[in-house]
Amino acid sequence: MPDIIKPVTPSVIAVRGLRKTFRDFWRRPRVEAVRGIDLDVQPGEIFGLLGPNGSGKSTTIKLLLGLLHPTAGTIRVLGRAPNDVAVKARIGYLPEVSRLHAFLTPRETLHYYGRLFGLDATACRERCAALLEMVDLQRDADRPVGEFSKGMARRVGLAQALVNNPELLILDEPTSGLDPIACREVKDLIRLLAQSGKTILMTSHLLADVEDVADRIAILHAGEVQAAGCVADLLSRTDAVRFLIEGLDDAAADALRRELEARTGHTVALDHPAMDLETYFLQVVARAERRDSATAHFRPAPFLMPGEMKSEARSKKPEVGTP
Amino acid sequence: MIPHSLTAYSLQPLPTLRAVAAVALLSLRAAVRSRVVLMLMLVLAAGVVGLPHMIVGDGSPASDLHIRLRYALAFGAGILGLATLWASCAAFAVEIDSRRIELTAVKPVHPLTLWLGRWLGILLLDAVLLAAVVAVVRWQLTGTRPDGSRRDAALFCRTVARPVLPAPEVEARSTYERLRQSGRLPPGLSAAAVLRQLTINVRSRCTVLQPAEHVTWTFHPDRPVPADGRLWLRLRFDAVRDVTTDVRGVCRLRRPGQTAWAAEVAVNDLTLNQLELAVQAPALAGARELEMAFEYQAPPQSAALLIRPRQELAVLIPAGSFTVNLIRVWLAHLAILAALAALGLTFSACFSFPVAAFSASALLVVVLVSTGGIAEEEAAMEDDSHATTTLMERISLAVVSSADLITAPMLNPEPLAQAAAGERVPDAELGRLVAWGGIVYPLILALLAAGVLRRREMVR
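Residues numbered from 1 in each chain as written. Chains lettered and ligands numbered in written order. Predicted model: local features only at pLDDT ≥ 70, side-chain atom pairs only at ≥ 80, totals over all residues.

1. Some details on the nonpolar core
The biggest cluster of nonpolar side chains holds 161 residues, and the ones touching the most others in it are Leu131, Ala159 and Ile170 of chain A together with Ala342 of chain B. Discounting residues that sit within four places of it in the chain, Leu131 of chain A has contacts with Leu110, Ala159, Leu162, Val163 and Ala301 of chain A. Counting residues in hydrophobic clusters, the runner-up holds 28 residues, among them Leu209, Phe219, Phe294 and Ala314 of chain B. (Core = buried A, V, L, I, M, F, W, Y, C linked by C-beta atoms within 7 Å. Buried ≥ 20, exposed ≤ 12 C-beta atoms within 10 Å, placed from the backbone. Contact = placed C-beta atoms within 7 Å.)

2. Some details on the environment of Thr218 of chain B
All names here are of chain B. With respect to the secondary-structure elements, Thr218 resides in strand β3 (residues 214-219). Thr218 sits in the partly exposed class, given 13 other C-beta atoms within 10 Å. Apart from residues lying up to four places away in sequence, Thr218 is in contact with Pro163, Val164, Pro256, Glu289 and Glu291. (Helix = DSSP H or I, 4+ residues; strand = E, 2+ residues; numbered from the N terminus.)

3. What to know about the sheet that holds strand β4 (residues 230-236) of chain B
All names here are of chain B. Pairing within the open sheet is antiparallel, and its 4 strands lie in the order β1-β11-β4-β8. Of all the strands in the sheet, the pair left with one neighbour each is β1 (158-161) and β8 (274-280). Along the sheet, successive strands turn relative to each other by an average axial angle of 25 degrees, direction set aside. Relative to strand β11 (residues 313-318), β1 is paired through 4 bridges, and the arrangement is antiparallel. Bridging across to β11, Arg158 finds its partner in Pro318. (Pairing = 2+ DSSP bridges. Axes fitted to C-alpha atoms, helices over the stretch in contact; angles between N-to-C directions.)

4. Quick look at unusual backbone geometry
All names here are of chain A. Backbone geometry at Leu78 places phi at a positive 50 degrees, although glycine is not the residue there. Structurally, the position occupied by Leu78 is in the loop between β4 (72-77) and α2 (85-88). With phi around 50 degrees, Ala222 is a residue other than glycine that occupies positive phi space. Inspection of the secondary structure assignment puts Ala222 in the loop between β8 (216-221) and β9 (224-230). A residue is classified by how many C-beta atoms lie within 10 Å of it, and Ala222, with 14 of them, is partly exposed.

5. Regarding the sheet that holds strand β3 (residues 46-50) of chain A
Residue and element names in this part refer to chain A. With mixed pairing, 6 strands are arranged side by side in an open sheet as β5-β6-β7-β3-β8-β9. Looking at which strands have only one partner, the edges of the open sheet turn out to be β5 (91-94) and β9. Strand after strand, the sheet turns through a mean of 15 degrees between neighbouring axes, direction not considered. Pairing of β3 with β8, which is carried by 4 bridges, proceeds in the parallel orientation. Within the sheet, the bridge partner assigned to Leu50 lies in β8 and is Ile219. Running at roughly 150 degrees to strand β6 (residues 168-172), helix α1 (residues 57-64) makes contact with β3, β6, β7 (199-204) and β8 of the sheet.

See the structure below:
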């Protein structure tokens, strides 16, 4: 049994032997998209589902949301069946493609979904305003969504996923279609939401995105879990050691290498550490923004934060480029 | 705060009502912000305003009323009916096809709530558009004609009282028993077939009047004659020999049991015309029972007159304003539109848009065909044990009969025809239309759709 099953506390998501076979019109099996998946997602953790296209990530998510019915296996979400109305009230979902009503404005869209959660008009209005501010769409709040770019529509999609202040947030490719700044802001937001006690299940085929935020991951291939566990555990190499020394010139470094090789009898590799492109990009943009005084940062809506984090959420303005 | 426990959530009606209102508002916004509704409004305006100018009447206010109600308003209601059916067929089907339903289906909303919201949204739009059509027709009817006379001279609302006669079924049964006891029943026909034919005969049975003869009928109107004694007699005669014959005679009215006639009106017209005679009889004010006599005063050689009292004879008593009657017509048609919207939505939950639209339209055609009398003929054919029927005939019989049976409560009343004839749409018929179209059919169809939506996989 893979490491993915860790029933320490009652799981937010508990899946056992999940299978999904798509059938054709004559009920003949066509594709077996999910082949016996087991997984547990614990409260407050960020869980990443990774895999190439067609690996069964989105199908698994749709099964968890009750949009598809499993062929075999059991699914418990927040302790109940996924199509239970009470469970749906506690879940926020961002689909892979934000298929919003093109004729509605972001404000109307959020209001519509808020009302579906049974929110009263005042609460709905307040949450919509806070969420629009969070995703930086106040200025475009009254333009039809049909006129929006993919990234802007994605922001509206993210906002609608949070309108009910969910306990469990399911994000299917949350950074798809976003520019690097918005990507980073979404990842920061995901971390903040997890800190506030929300459980987050996200999928992505952008490995760096998941690596940045996820506590645990599962890698799917051909509908099966191929590897699973804590990100740090999975990625760390216990058979090698790396030193990081600042201010060392090339000659000293070469001398040190030779000394280490002589003492250990192993080949020692030396290189200059490089920052990743995303960090470099964000630093450049942050410099430009400081010059232009531009502001475009996701600041979590206060209603999404627990009491002690509310004031912080109101005042906090994350620095672009801060990992 | 959103309730988190199942019990708390499922027992709170307020969140459900909010969700219904949100879905209804979404439907309205989708309709108002699309060009389809704009086109629909243009077509309605063109039909309601333009159609009466293309149909030539006899120039009388009654003809004007007939054209505007039977053609213009019927056109408007028909176009709205088709638009409603197709729009509702698209509602869920297009959402599912485009996978936009994904975001709604993960919200804590029961499929019944979604269905109800969609239905109310479509119905609200229908109500507004139909009201606009009715208002335009009403405004056209009350306008002044080019010759300066008021067009509203024919805008009556009257209750119709038929002569008191035994029910056709009772009379048919009595005739059947008489034939059976005397051994004169036609051979090879079932009892049902014979009774059916006898009932048809009784309904259209004629009273024959020779010159100088008279005949008397009693009426029990459902409301008293008004204080000014204003009422109408409606008659239509046929002739034994000629296509048209002079109808010369006199109609008299009184309360039953009185010797003196309270009103007398001369008849001088041709057969086959429907006559509507206005009577002013203050002596009959408050009467709830009337006796009417017709005396045929033609020369002795004249042809005998025929009258079918169950179909062609009536006393009409004023019963409210024409505008109120138009509102009843609006309500009756709204009930029909409600049933069509319910049908379309349920098909939409079951099938893709093309399949839903085609199936619902085909069903509508079958229903309309079945009400054209085909079902009755086919039923008679079924009763005839000598008739050899093919499998296809039997299948068509079953389909048409079923459609006729299911939709009979909705299709028998003809509110437009009644309003055009200056008749008040009867309370019982209006109530039946509203109950079936607005409650019973939608409830059954909503439960069916909710069951399908719960079981159906929304996305692939």
